[in-house]
Amino acid sequence: KKNIININEIKENIINEIKIDEFKNAINLIYYANDVGNCGIFGEKFVENNKNNLDLYINYQKNYSLISKCLLKEGDNIITIIPKKNMNNLSYMFQNCNSLKDITELKYLDVKDSKDFSYMFSGCSSLSDINSLKNWNVSNGENFEQMFSGCSSLSNIKALKNWNVSNSNNLEGMFFECDSLFDLNNIQNWNVSNCKYFTNMFRGCSLLTDITALRNWNVSKGINFKSMFSGCHSLSNIYPLQNWKFSCSTDLEGMFYGCSSLTDLNPLQNWDVSNCEYFTNMFYGCMSLSDLKPLRNWNVSKYKKFKNMFAACPLISDISPLKTWTIPIDFYLKDMFPNSHLINK
């Protein structure tokens, strides 16, 4: 059974070593020792960036060197963090801390000046409850790259509903391999109009079936959408993406790689891909895909690579719609359909 943090007990053990006003900034987290009791409590890069900025107490005992790994006692462990100054860069803070479950007291962390949240909880595979982040002011945040990547227990992102990400230019891999995530409704009102990088954003979200929440996203400044939905095996309906504007995009490589439930490309028929250069692996492994007619009017004149664009798509029986493309398509068919009997038809 999880212990309850007792603030008075922490005060009793620590208060004599620090000033009262410093203690007010203390953040207390609970860690669970893993099987071998050797658990990362901070990301290594975060430690390097903040080793002179934090005081650290492990189970009420001061640790004089900020370390990324320590031998935790069996059961619950209390980690007390006391910042010496505002933490403007939170990148890698808990990267690969796979025993971190309870982040309740992070609700007290002042993040209003932080611009970089990249990899903050990356690899926190035990983290399932992020409700304490719901009132964070992330309005100055510019980089959210892989913030929750590898959080395989995370299914509910309601806490992010009111986040202001309008200054963000990088959402790359933010939910990469969150394979318990199935509902995006709470991020439907996000203003992503300044974002350039959506690479891997939902890659590996294998339970994701409904992306209706993304239908009004303004992605017009997006440059890179590489592997955005790669590995979303359950995703079959991409109609919410039909009005997305791609006029700035140069890379759609692997965007729907491994989307084995995808059957209908009609939502993509009016996409402006005229500036796109990379289509490699875009529909690789879309095993339920059969009809390419929706793509017949695509302007792919700035192409550079088509390799494996439709590889491992066994139900495709007619490639003639692609022959309307104003490029020497016959030259690239072997790249697009490797080992396919269709090429010589």
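Read on for a plain summary of the structure.

### Re the environment of Y257
Looking at the secondary structure, you find Y257 in the loop between β7 (100–102) and α4 (329–336). In sequence terms Y257 and M309 are 52 residues apart; their C-alpha atoms lie 8.9 Å from each other. Excluding residues within four positions of it along the chain, Y257 makes contact with F229, S230, G231, N281, M282 and Y284.

### Here's the deal with unusual backbone geometry
Positive phi, normally seen in glycine, also occurs at Y92, with a value near 65°. You can call Y92 buried: its relative accessible area is 16%. If you check the backbone angles, Y119 has positive phi at about 60° while not being a glycine. With respect to the helices, strands and loops of the structure, Y119 is situated in the loop between β7 and α4.

### Examining a positive patch on the surface
Among the surface-exposed residues, K107, K134, K158 and K161 lie close enough to one another that they form a single positively charged patch. In this structure, K161 sits in the loop between β7 and α4. Among the residues examined, K161 registers a relative accessible area of 44% and is labelled partly exposed.

### Some details on the pattern of salt bridges
Applying the stated criterion across every chain yields a total of five salt bridges. Between E277 and K304 there is a salt bridge; the shortest N-O distance is 3.6 Å. Residue E277 is located in the loop between β7 and α4, and its partner K304 is located in the loop between β7 and α4; the two are separated by 27 residues in the primary sequence. We note a salt bridge from K293 to D291, for which the minimum N-O separation is 3.2 Å. Classification of K293 as partly exposed rests on a relative accessible area of 42%.

### A few points about α4
Along α4, the positions that sit buried rather than exposed are I329, Y332, L333 and M336. Angular distribution of buried residues about the axis of α4 spans 130°; they occupy a single face of the element. Opposite its buried face, α4 presents the exposed residues D330, F331 and K334, each directed more than 90 degrees away.

### Focus: the pairing of strand β1 (residues 27–32)
Counting buried positions along β1 gives five out of six residues, so the element sits mostly inside the fold. Relative to strand β6 (residues 76–83), β1 runs antiparallel, the two being bridged by six bridges. The residue of β6 that forms the bridge with L29 is I79. Inspection of the sheet shows β1 paired to β7 by two bridges, in the antiparallel sense. Following the sheet pairing, Y31 is matched in β7 by L100.

### Things to note about the packing of aromatic side chains
Scanning all chains against the criterion turns up 31 aromatic pairs. Measuring from centroid to centroid gives 5.4 Å for F279 and F306, while their planes differ by 20°, and the two rings are stacked. Taken together, the residues span a long stretch of sequence, with F279 in the loop between β7 and α4 and F306 in the loop between β7 and α4 at a distance of 27 residues. Both residues of the pair, F279 and F306, count as buried.

### Focus on the side chain of S166
Following the sequence through the fold, S166 ends up in the loop between β7 and α4. Accessibility expressed as a relative area gives 16% for S166, which makes it buried. A polar atom in the side chain of S166 sits 2.6 Å from the side chain of N164. With near-sequence residues (within four places) excluded, S166 lies in contact with N191 and N194.

### Describing the pairing of strand β3 (residues 54–58)
Most of β3 is tucked away: five of the five residues are buried. Where β3 lies against β6, five bridges are found, and the strand directions are antiparallel. Bridging across to β6, Y57 finds its partner in T80. Of the strand pairs in this sheet, β3 and strand β4 (residues 61–63) are connected by three bridges, and their pairing is antiparallel. The partner of L56 across the bridge, within β4, is N63.

### Some points on the sheet that holds β4
The five strands are arranged β4-β3-β6-β1-β7 in an open sheet whose pairing can be described as antiparallel. Only two strands of the sheet have a single neighbouring strand rather than two, namely β4 and β7. In this sheet, adjacent strand axes meet at a mean angle of 35° when their direction is disregarded.

What counts as what
- Residues numbered from 1 in each chain as written.
- Predicted model: local features only at pLDDT ≥ 70, side-chain atom pairs only at ≥ 80, totals over all residues.
- Heavy atoms only, no water.
- Helix = DSSP H or I, 4+ residues; strand = E, 2+ residues; numbered from the N terminus.
- Contact = heavy atoms within 4.5 Å.
- Buried < 20%, exposed > 50% of the residue type's maximum accessible area, 1.4 Å probe, protein only.
- Patch = residues over 30% accessible without salt bridge, like charges linked within 9 Å, V, L, I, M, F, W, Y side chains within 5 Å.
- Areas by Shrake-Rupley, 256 points an atom, 1.4 Å probe, with all protein chains shown as cover.
- Salt bridge = Lys/Arg side-chain N within 4 Å of Asp/Glu carboxyl O.
- Lys, Arg positive; Asp, Glu negative; His and termini not counted.
- Charge placed at Lys NZ, Arg CZ, Asp CG, Glu CD.
- Arc of directions from axis to C-beta.
- Pairing = 2+ DSSP bridges.
- Phe/Tyr/Trp six-rings, centres within 6.5 Å; stacked < 30°, edge-to-face > 60°.
- Polar contact = N/O pair within 3.5 Å; in protein donor to acceptor, adjacent residues only side chain to side chain.
- Axes fitted to C-alpha atoms, helices over the stretch in contact; angles between N-to-C directions.

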